[in-house]
Amino acid sequence: MASAGLLIATKPPLKPSKITKMRRDTISCCSSTYSSSTTASPSSSSDAEPETVKQFSYSRASPSVRWPHLKLTDSHHCSPHSQFAVPSPPPNYLVDDGKLPEISKDFECRDEAQNRDEIESLDLNDETLEKLGRPSRTRAKKMTKLALKRAKDWRQRVQFLTDRILQLKSEDFVADVLDDRTVQMTPTDFCFVVKWVGQSSWQRALEVYEWLNLRHWYSPNARMLATILAVLGKANQEALAVEIFTRAESVVGNTVQVYNAMMGVYARNGRFAKVQELLDLMQKRGCEPDLVSFNTLINARLKSGPMVPNLAIDLLDEVRKSGLRPDIITYNTLISASSRESNLEEAVKIYSDMEAHKCQPDLWTYNAMISVYGRCGMPAKANQLFKELELKGFSPDAVTYNSLLYAFAKEGNVVKVHEICEEMVRMGFRKDEMTYNTIIHMHGKHGEHNLALQLYREMKSSGGSPDVVTYTVLIDSLGKANMINEAAAMMSEMLDEGVKPTLRTYSALICGYAKVGRRVEAEETFNCMLRSGIQPDHLAYSIMLDIHLRSIKTKKAINLYNDMVSNGFTPDQALYESFLQAVCRENKEEVIQKVVKDMQEVCGLNPLIISSILVKGECYDEAARLLKMAIIQGYDLDQDNLMSILSGYSSSGRHLEALELLDFMRERAPRSHDHVSITEAMVIIYCKAHQLDTALNEYSKTRGLSALHGSPAMFESLIKCCEGIEQYAEASQVFSDMRFTGVEPSQSLCESMVMMYCKMGFPETAHIVIDQLDAKGILVNNISIYVELVEAYGKLKLLEKAEGLVGTLRQRFGMVDRKAWNALIQAYATSGCYEKARAAFNTMMREGPSPTVDTINCLLQALIVDGRLNELYVVIEEIQDMGFKISKSSILLMLDAFARDGNIFEVKKIYHGMKAAGYFPSMHLYRVMIELLAKGKRVRDVEAMVSEMEEAGFKPDLSIWNSILKLYTEIEDFKKTVRIYQQIQEAGFKPDEDTFNTLILMYCRDRSPEEGLQLMHEMRRRGLDPKLDTYKSLITALGKQQMMEQAEELFEGLRGGFKLDRSFYHIMMKIFRSSGDHYKSEKLLSIMQEAGVQPTTATMHLLMTSYGSSGHPSEAEKVFSNFKLTGVDLMLPYSSLIDAYLKNGEYNIGIQKLQEMKEEGLEPDHRTFTCFIRAASLSQCTNGAMILLSAIGDAGFDLPLRLFTGKSESLVLEVDQYLEKLAPVEDNAALNFVNALEDLLWSFELRATASWVFQLAIKRGIYCQNVFRVAEKDWGADFRKLSAGAALVGLTLWLDHMQDASLEGFPESPKSVVLITGTSEYNKVSLNSTLKAYLWEMGSPFLPCKTRSGLLVAKAHSLRMWLKDSPFCLDLELKNSPSLPELNSVQLIEGCCIRRGLVPAFKDIAEKLGKVSPKKFSRLALLSDVERNKATQADINGRQEKLAKLKNVGLARKKKRIQRFKKKFVRYPNVEHWKYPIRKK
């Protein structure tokens, strides 16, 4: 070999034997390193060799085959001058994910060559070399005939014995052959027997070795030990090799070749540490390592792990430090490793070092460099080297062509690949397995599976034998193309052909199954691989672990992970994350702890990296613990890791743990920048915990830090949190800070701010934000943003800006989105601009897009807001003429509009039209209808609607029940109200605030405020807040029932929790006024002022009225004097003061105050006049009334005086004009005036005048039109809010109308006639008592309602008969008395206005009999005093007799009950005490 001489120049002079051995070792390594693992020797082409399991064989090991164009012959040695002395490495393809099959495995047969050459070089002297047919360096190269014969003889002996051993059956022993001794064998011959047998069966080779040791024919020697170690190493039987080496080491001594052989065993499995240990042991025992030792060490290091930068140079320097010179094998080993890892940089460094140290590259070197350039995707550079090797005199072999072919195949250059193939064939090389494998993989990678399969069939038809690489490439390509069935079929064909799948084959099929989701088949394939004895690698373990995790088979995944770690493999980071997610999801804490321990001890990861993996695996608690550990150990804070942990905590709602972690980090963060980041993180966590106030406080603290500029995430979290709870003002402030600090907001954040500004009512600011984005070249294409902006402009009625925005959209996009048009029309609708809305609608019809149902609804809404409900039907017809169908939502919109307008007729018409058109009512429609009908107090319609609703399959919801509750409460049908509440509970609804408020109002109106108070306590207990109006009603009701303590307690409780308005204080003043507690009224005034509620004129009026009504006008005058100092308008206080004196009967002082009022320049108004008229109506005599009326006449208002004294018919127009003047005045001025005037006229028997004043009041709307009615089956009256005189006038007129109807028979009466009187008092006069006294005096059939107070009910038949036959009804016409009576015709007794002549009888009956029935009262009242006394005494006596009789009857009944009780529980004596037995009858 040309380079052989370079190998011995680097060591000091050695002994001749050692020099010879080293040279021979080097020569043998160069000459036969890469022969096939199935090839016995350079001449082992014998057909007698038995067939074993089919393995990949490289047929080009022979030079005559590799270079057919050179006409070489098969020879075991080469000329020393031949440049082809070093054979090229046989390529071996690997299926790497996503890559072409590569010429890799580091040319592993080089190790085998080294081991084989070591055997041949042990103990060989010149003589033995000649016997073996190999030239000696110290003798002539030419062999004699005897030497040639001896060489043939030993080969024949070895081959003969090898064939006999291999032909043995499995149950036969090697001893049967060896004990026969058919041929004479030398120790060297037995070494070759072990070697050749080991190439086919390592078990038989080990048996031969053990047999020789047992027979003690040959003592263990270095040659034999090196041979068996090489065989076991090749068979991957490391444990046996270690045992034999350990057992024989002390016998053979320190021999470098034995150590090299054992190092080769370790190197084959990449166990660099063991190789290094043996090398150190050699040196320790004085055995000098040779170059083979260092080459083996280098090979082990390269197999043990990836190459780090400058590793190759360091290894070369290590060899040189030992006094040796790296040879071509050293360099080729390093370049091959660089090629395997596609490490072009290291390969170039090694090649440059080789040239720098004058080591000439051989063909192997060029092949490896071409390979590395091909792997790195540089086919041009590979092609350049190909041309260079030809220029330097090397002839490319098949490996060269295949390496170059691979380079262009990886690039996908099909044309160049075919050119290289043609040149290869032209040069005499046939396309071998490697060639086919490369091209097949190229086509498979590009999805050309038909071409790949075609090449596979061509390969088989041309006599080629597809090897495991071929099948692996095809299976891998088909699996990646989701052709898993074809891939499985290829695996079956592979097994049928006798090709044993490798780890890569199984891995490719498992990957294919996993890719298409066939996880069961993938698992079965994996188990099959295990059964076949193949140990999974990292890829196989990773794929199966991923499959188990995706299949949620956590238990299997845990078991597989344990096997994976025990076999020396660990998942990658992504797989660790998925695995941790799975075990964390099932709370496998012990597994998580083990994984963390593995990452620390096996993978050697630091706590910071482990923490990041745990974070991605969602094991946040463990990640936080390790992050704390990392910080304690001095690692810098990983911001991303911390934020991920915090995000995990916040997403699971564990904000407290997140804040605790941040507090820990804040205490131990070494840098101020970390403090800032932690502070920002705390703000974000508070936002995610929806603790906005705390987040804003933390944010405000950090604003003073100079280092804080604010992260976008912090600002965005704050703004999003503010948006979530609709605190838009705070969001606006944070956004301003963000812009001020120079943090650029994202487009999504700007869009959110635009939406918030619109909701805040600042569309101009929102528009500015959009303009700023446009200025930066960021176009907002989100149409909802523009829609929101248009709607905001519409709400503010900035229609021009909304129109301008839509115009801008038309210029930018050509056609405006339908949503924008709808928003503009909605803006017009909000302002009631129907014409503009119609113009926009027409533009849509003309230019597009076509209007939708929403568009039509907005158009109708514009018409509704404009108040043009009468045009709705016209617009509907126009829309229908355009081809649009009116939707259900449009009809509902119209119905809602008419419902809000209270037009029950139109609502019912639309409702029935909907049903006729086939639109079935929805729950919402029923809700609207029932609410409207309930507001209109249409009880029957509501009940019918509820029945219809239930028949349609709908059940009333709580809002419908609440509407019905309000209905029955308004009409004061309290029994039905309670029944509805029971139905709410039976239906399973929980009463809400409306329910409770309505029920409390019902109890207030039913004069049961104590029950309302209990209900309010229950309401509060359930966490519901009553309305302030409910509190107001309840306090008023308590005051009316004189429950002062409860009212005052409720008011005080309210005052402590609410800021009450003035009306509450006024109510309490009225209550104190009614109870006569004027001190509290005055004290309440100061409390009111302390609460920040300033008293008004009305307040002072109430206080003065309180004193006046209680008979303390002097106190009222004190209040007036204090109020007079404030300098405000004194009109109302004067009226209150005058009213106080008049109510107390101090008419002179009242008249005097009127004169003072005139003197101060104040003109008396309607209130003052009403006070005097009311006082005149209560005056006992006519003269008193004249004085009071004259006083206001002198003050400029003589209309009441003229009505009182003159002819009233001439004053009709004047009264009508005055009522018209009072109609718009507040505080029920007209009503109070007419009521007072009616009382005056009735009291002094001017009842005809009272009649036409009453009718004028109805005409002016002062009294309701249906204050009384006599219609078809609808006779009734409602005299609430009327004074006693007005009610008596109305009652007389109503009776007169009903009498006419009874006589004429038309209109027909209902079954019962109801008169509503109410329960309230008007100026301390009970309308209910007054009307009952009047009717019962007349003997009418009206009786109090048993279910509701304030109602009088009469059966229609009895009423008609009474109207026809009663003498009181003979003349119901209202007439004026010819002259004014001297005294008032009515008298006020206990809040009841009754006829003055009836007062003695009323008092007599009430004192003697108490409450009596109406008929009895009527009968007794009409009797004379004597007869009345007799009748009452007889009644009293009858009552006493009746009570005595009832008492006697009750005692008799009680005795009977006691006797029955005793008889029932009689105890009989025990049967055993009887003298005679009892006979059964």
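Every chain's residues receive numbers from 1 upward, in the order its sequence appears when written. Reporting in this predicted model follows two pLDDT cut-offs: at least 70 for local features of residues, and 80 or more for side-chain atom pairs to be given and counted; totals over whole chains, interfaces and linings ignore these cut-offs and use all residues. Water and hydrogen atoms play no part in the side-chain values, which are based on all heavy atoms of the structure.

Colleague: Explanation requested: the overall build of the chain in the structure shown.
Modeller: Helix numbering and strand numbering both begin at the N terminus, where a helix is a DSSP run of H or I of at least 4 residues and a strand a DSSP run of E of at least 2. Assigned secondary structure in the chain consists of 74 helices and nine strands. Here, two residues are considered to be in contact whenever any of their heavy atoms come within 4.5 Å of each other. The contacts in the chain between residues at least 6 apart in sequence include a share of 64% that link residues at least 24 apart. All accessible areas in this document rest on Shrake-Rupley with a 1.4 Å probe, and a residue is counted as covered only by the protein chains that are shown. With the model as given, the accessible surface of the chain reaches about 71,100 Å², and the carbon-plus-sulfur share is 52%.

Colleague: What am I meant to see in the pairing of strand β8 (residues 1386-1389) here?
Modeller: For a regular strand, side chains alternate in direction, first toward one face of the sheet and then toward the other. With four bridges joining them, β8 and strand β9 (residues 1392-1395) adopt antiparallel strand pairing. Residue Ile1389 lies in a different strand from β9, and its bridge partner there is Cys1392. Note on pairing: two strands pair once DSSP finds at least 2 bridges between them.

Colleague: Looking at this model, I keep getting lost on the packing of aromatic side chains. Mind explaining?
Modeller: Any two aromatic rings considered together are summarised by their centre-to-centre distance and by the angle between their planes. In this scheme Phe, Tyr and Trp rings, the latter by its six-membered ring, pair at centre separations within 6.5 Å, and the angle between planes marks the pair as stacked below 30 degrees, edge-to-face above 60, and tilted otherwise. Considering all chains together, one arrives at 23 aromatic pairs under this definition. Aromatic side chains Phe1169 and Phe1197 sit 4.5 Å apart centroid to centroid with 15 degrees between the ring planes, which places their arrangement in the stacked category. A residue pair is termed long-range when its members are at least 10 positions apart, and Phe1169 in helix α63 (residues 1166-1177) and Phe1197 in the loop between α64 (1182-1194) and α65 (1199-1205) qualify at 28 residues. With relative accessibility at 8%, the residue Phe1197 sits in the buried group. Among the aromatic side chains, those forming a connected cluster through ring pairs are Phe1169, Phe1197, Tyr1218 and Phe1233. Taking the ring centre of Phe408 as reference, the NZ or CZ of Lys416 above it sits at 5.4 Å. For every residue, the accessible area (1.4 Å probe, protein chains only) is compared with the maximum for its type, and the residue is labelled buried under 20%, exposed over 50%, or partly exposed between those bounds. To sit over a ring, a charge needs its Lys NZ or Arg CZ within 6 Å of the ring centre and within 35 degrees of the ring normal.

Colleague: Looking at this structure, how should I read the environment of Ser532?
Modeller: Along the chain, Ser532 turns up in the loop between α26 (519-531) and α27 (538-550). Each C-alpha atom, one on Ser532 and one on Pro501, is 9.2 Å from the other, the two residues being 31 residues apart in sequence. Setting aside its immediate chain neighbours within four residues, Ser532 contacts Lys500 and Tyr506. Polar contact criterion, stated in full: a pair of N or O atoms within 3.5 Å, where within protein one must be able to donate a hydrogen and the other to accept it, and residues adjacent in sequence count only if both atoms are side-chain atoms. A distance of 2.7 Å separates the side chain of Ser532 from the backbone oxygen of Met529, its partner in a polar contact.

Colleague: Is there a simple way to think about the confidence of the model for the chain in this case?
Modeller: Interpreting fine coordinate detail is not advised for predicted regions of low pLDDT. Confidence of the prediction at every residue is given by pLDDT, a number between 0 and 100. The share of residues in the chain with pLDDT of 70 or more is 84%, and the mean pLDDT across the chain is 78. Across residues 1-143 the pLDDT falls below 50, and counting only partners more than four positions away or on other chains, this stretch makes 289 contacts in the model. Confidence over residues 1458-1481 falls short of pLDDT 50; this stretch has two contacts with residues more than four positions distant or in other chains.

Colleague: Help me understand the pairing of strand β1 (residues 1268-1271), please; the structure alone is not making it clear to me.
Modeller: Pairing analysis gives four bridges linking β1 to strand β2 (residues 1274-1278), with the strands arranged antiparallel. Its bridge partner being in β2, Arg1269 is matched across the sheet by Gly1276. Counting the residues in the hairpin turn of β1 and β2 gives two residues, including Lys1273, whose phi is positive at 55 degrees.

Colleague: It is not clear to me how helix α61 (residues 1131-1143) should be interpreted in this structure. Could you clarify?
Modeller: Each α-helix turn comprises 3.6 residues. Residues three or four places apart therefore point the same way. Relative to the 18 Å expected for 13 residues at 1.5 Å per residue, α61 spans 18 Å between its end C-alpha atoms, a close match to the ideal helical length. When α61 is considered as a whole, its buried residues turn out to be Met1131, Leu1132, Pro1133, Tyr1134, Ser1135, Ser1136, Leu1137, Ile1138, Asp1139, Ala1140, Tyr1141 and Leu1142. On the buried face of α61, the contacting elements are α59 (1097-1109), α60 (1113-1124), α62 (1147-1159), α63 and α64. Multiply 1.5 Å by the residue count of a helix minus one, and that product is the helix's expected span.

Colleague: Would you explain helix α68 (residues 1247-1259) in this entry?
Modeller: Between its first and last C-alpha, α68 extends 18 Å over 13 residues, near the 18 Å set by a 1.5 Å rise per residue. Those residues of α68 not exposed but buried are Thr1249, Ala1250, Ser1251, Trp1252, Val1253, Phe1254, Leu1256, Ala1257 and Ile1258. Those residues of α68 that are buried lie in contact with α65, α66 (1212-1222), α67 (1229-1243), β1 and α69 (1284-1304). The first or second residue beyond α68 is Gly1261, which carries a positive phi of 80 degrees.

Colleague: I keep staring at the side chain of Asp290 and nothing clicks. Help me out?
Modeller: With respect to the helices, strands and loops of the structure, Asp290 is situated in the loop between α12 (272-284) and α13 (291-304). Its relative accessible area of 7% is what places Asp290 among the buried residues. Within the local environment of Asp290, its side chain forms a polar contact with the side chain of Ser293, the two groups lying 2.8 Å apart.

Colleague: Would you explain the packing of helix α40 (residues 763-775) against helix α41 (residues 783-795) in this entry?
Modeller: Between two packed helices, what matters for the description is the angle formed by their axes and the separation of those axes. Axis lines are fitted to C-alpha atoms, over the contacting stretch for helices. Their N-to-C directions set the angle, which ranges from 0 to 180 degrees. Relative to each other, α40 and α41 sit at 150 degrees, their axes nearing to 9 Å. The angle between the axes of α40 and α41 places the two elements in the roughly antiparallel class. Once α40 is placed against α41, the crossing between them reads as left-handed. Along the contact surface, α40 presents Pro763, Glu764, Ala766, His767 and Ile770, while α41 presents Ile785, Tyr786, Leu789, Ala792 and Tyr793. Considered class by class, the residues forming the contact of α40 with α41 number eight nonpolar, one polar and one charged. Throughout, the term roughly parallel applies to angles under 35 degrees, roughly antiparallel to angles over 145, roughly perpendicular to angles from 65 to 115, and oblique to all others. Throughout, a crossing is termed right-handed when the near helix is turned clockwise from the far one, and left-handed when it is turned anticlockwise from it by less than a right angle. For this scheme, ten residues count as nonpolar: Ala, Val, Leu, Ile, Met, Phe, Trp, Tyr, Cys and Pro. Four count as charged, namely Asp, Glu, Lys and Arg, and the remainder, Gly too, count as polar.

Colleague: For this particular structure, what's the right way to read the environment of Thr969?
Modeller: Looking at the secondary structure, you find Thr969 in helix α51 (residues 958-970). For Thr969, a relative accessible area of 1% translates into the label buried. Sequence separation between Thr969 and Arg1005 is 36 residues; the distance between their C-alpha atoms is 8.2 Å. Each residue touching Thr969, except ones within four places of it in the same chain, is listed here: Phe974, Thr977, Thr998, Leu1001, Met1002 and Arg1005.

Colleague: I'm lost on the pattern of salt bridges in this one. Help?
Modeller: Working definition: two side chains of opposite charge can pair if their charged atoms are close together. Here a salt bridge means any side-chain nitrogen of Lys or Arg lying within 4 Å of a carboxyl oxygen belonging to Asp or Glu. Counting across every chain of the model gives 55 salt bridges. Here Glu943 ties to Lys976 by a salt bridge, and the two come within 3.3 Å at their closest N and O atoms. Here Glu943 is found in helix α50 (residues 939-951), whereas its partner Lys976 is found in helix α52 (residues 974-986), with 33 residues between them in sequence. You can call Lys976 partly exposed: its relative accessible area is 26%. Members of the salt-bridge network, linked through shared partners, are Glu835, Asp866, Arg868 and Glu871.

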